[in-house]
Amino acid sequence: MINDKFHNLKKKLHGPIQTIFVPFNKKLDIDYIALRKHISILCNFDFVKCLYLMPYNGRYSQLSENEILDLNKFCIKEVKKQKKIIIVSDPIHASTATKLKFCQHAKKNGADIFSSICREKYFSDEQIFLHYKKISSAKMPILVHLMPFLSGYDGNNLNWKNSTLKKLSKISNIIAIKEDTKSLKFGSSILKNYKNRFSIIFAGRKKLILGLKKSGLNSYLNGTSIIDVEIDNIFWNLFQNNPTKAKQFVKEIDDPFWEKMSPKFGWHRINKACLEINGIMKRFERLPMIALNQKEINILKIFVNDIKKSLIKWKNL
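Residues numbered from 1 in each chain as written. Predicted model: local features only at pLDDT ≥ 70, side-chain atom pairs only at ≥ 80, totals over all residues. Heavy atoms only, no water.

Draft legend 1. Structural view of the overall build of the chain. A count of helices and strands for the chain gives twelve helices and ten strands. Against the 2.2 N^0.38 benchmark of 20 Å for 317 residues, the chain shows a C-alpha radius of gyration of 19 Å, consistent with a compact globule. Taking the principal axes of its C-alpha atoms as reference, the chain extends roughly 50 × 45 × 45 Å. Put simply, the chain has 317 residues, and 56% of those count as buried. The long-range fraction of contacts in the chain, counting pairs at least 24 apart against all pairs at least 6 apart in sequence, stands at 70%. As presented, the chain carries roughly 14,400 Å² of accessible surface, and 52% of it is formed by carbon and sulfur atoms. (Helix = DSSP H or I, 4+ residues; strand = E, 2+ residues; numbered from the N terminus. Rg over C-alpha atoms; globule rule 2.2 N^0.38 Å. Buried < 20%, exposed > 50% of the residue type's maximum accessible area, 1.4 Å probe, protein only. Contact = heavy atoms within 4.5 Å. Areas by Shrake-Rupley, 256 points an atom, 1.4 Å probe, with all protein chains shown as cover.)

Draft legend 2. View of the packing of aromatic side chains. Applying the stated rule across the entire model yields 16 aromatic pairs. Aromatic rings pair up to connect F21, F257, W258, W267 and F303 into one cluster. Sitting over the ring of F235, K206 keeps its end group 5.6 Å from the ring centre. One cation-aromatic arrangement involves K213 over F239; the distance from NZ or CZ to the ring centre is 4.5 Å. (Phe/Tyr/Trp six-rings, centres within 6.5 Å; stacked < 30°, edge-to-face > 60°. Lys NZ or Arg CZ within 6 Å of the ring centre and 35° of its normal.)

Draft legend 3. Fine view of the pairing of strand β9 (residues 199–202). On β9, burial covers both faces: S199 and I201 on one face and I200 and F202 on the other are all buried. Of the pairings in the sheet, the one linking strand β8 (residues 174–179) to β9 comprises four bridges and is parallel in character. Counted as the bridge partner of I177 is I200 from β9. Each parallel crossover has a hand, and for β8 linked through helix α7 (residues 184–194) to β9 it is right-handed. (Pairing = 2+ DSSP bridges. Right-handed = clockwise from strand over helix to strand, strands pointing away.)

Draft legend 4. Main features of helix α4 (residues 96–108). Its 13 residues give α4 an end-to-end C-alpha distance of 18 Å, which sits within 8% of 18 Å, the value for a rise of 1.5 Å per residue. Residue G110 follows α4 closely and has a positive phi angle near 95 degrees. (Expected span 1.5 Å × (residues − 1).)

Draft legend 5. Geometry of the side chain of N57. For N57, the position within the fold is in the loop between β2 (50–52) and α3 (65–81). Residue contacts for N57: discarding those within four places in its chain leaves T19, I20, F21, V22, W267, H268 and N271.

Draft legend 6. Region of interest: the packing of α4 against helix α5 (residues 125–135). It is the contact of α4 with α5, at a shortest axis distance of 8 Å, that shows an interaxial angle of 35 degrees. Here the hand of the crossing between α4 and α5 comes out right-handed. Contacts between α4 and α5 pair T96, K99, L100 and C103 from the former with H131, K134 and I135 from the latter. Residue composition of the contact of α4 with α5, grouped by class: three nonpolar, two polar and two charged. (Axes fitted to C-alpha atoms, helices over the stretch in contact; angles between N-to-C directions. Left-handed = near helix turned anticlockwise from the far one by under 90°. Nonpolar A, V, L, I, M, F, W, Y, C, P; charged D, E, K, R; others polar.)

Draft legend 7. Representation of a positive patch on the surface within the structure. A cluster of like positive charges, contributed by K5, K107, K133 and K139, occupies part of the molecular surface. Inspection of the secondary structure assignment puts K5 in the segment before α1 (7–12). (Patch = residues over 30% accessible without salt bridge, like charges linked within 9 Å, V, L, I, M, F, W, Y side chains within 5 Å. Salt bridge = Lys/Arg side-chain N within 4 Å of Asp/Glu carboxyl O. Lys, Arg positive; Asp, Glu negative; His and termini not counted. Charge placed at Lys NZ, Arg CZ, Asp CG, Glu CD.)

Draft legend 8. Looking closely at the pattern of salt bridges. Under the counting rule described, the total for this entry stands at 20 salt bridges. Notably, a salt bridge pairs K178 with D180, separated by 2.9 Å at the nearest N-O pair. Looking at K178, the relative accessible area reads 6%, which means it is buried. Here D180 falls in the buried class, since its relative accessible area comes to 8%. In this structure, the salt-bridge partner of D232 is K206, at a minimum N-O distance of 3.5 Å. Linking D232 in helix α9 (residues 230–241) with K206 in helix α8 (residues 206–211), this pair joins segments that are 26 residues apart in sequence. The pair D232 / K206 is uniform in exposure class, with both members buried. Connected via shared salt-bridge partners are R205, K207, D255 and E259.

Function cannot be inferred from these measures alone, as they are strictly geometric.
This is how it looks when you write it as structure tokens:
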């Protein structure tokens, strides 16, 4: 069972959750001026209730541990000024002891929820249970980031087992899951078995989100709203009240993004480039991540402008 004092927080993880993207300046330092602007823009929308600083969109792979700590602290402070919910994360690859320190740091600085990812090779449910049990000793709400495992036995990708989640459900501090397989079948199974125990936040295209409605989905991570934040507001209203129009909206606004631009340039490069097109941050990246070149971003600009034109009628509904 979930810790009683965290139950109300779990219920607030509803609707679209906004991702915080982390900018760099020309010297490849974290651009905190642009980051403050990015957070402020998101928080100015009334429908935005929760911001989530994730390890991949947050470029944790390109940061040192001290930079991640400073980044987490900065984002917590900026988001809590606006009285929104803030989720911060731990390094992608680190020992459990190190991740616990990041959790304690997040708690000390006022984060609402700590997201922890386990990227060590999978050997047993007990291994994963002990990992999250140790982190839970910080006594703060935890979100488990369900990236597929790499098997320690044969090196193959491995989705989370029901038995693993069943074991984790015994840890009362765990209130949420970020489901990251982008699989309708797997997502439906997770909702069927655990929607009453955890708040389950889905990542992926909005066609997947629509497909999971009948299974009880009630929260997801933003995607194409990097083009225009209002996309999430429009979609969520349609998702709840008008499934037929929601399907048409997805076909016109979301599907082209995932079927044309994402396969061409890659989601993690597009997101920063779209934010540059919108004047929020530059698309600079630290290697081994690489930014879109000028020819590529010119193609993306044409696409983004076309989507914005198509979006006008939906804003006027």
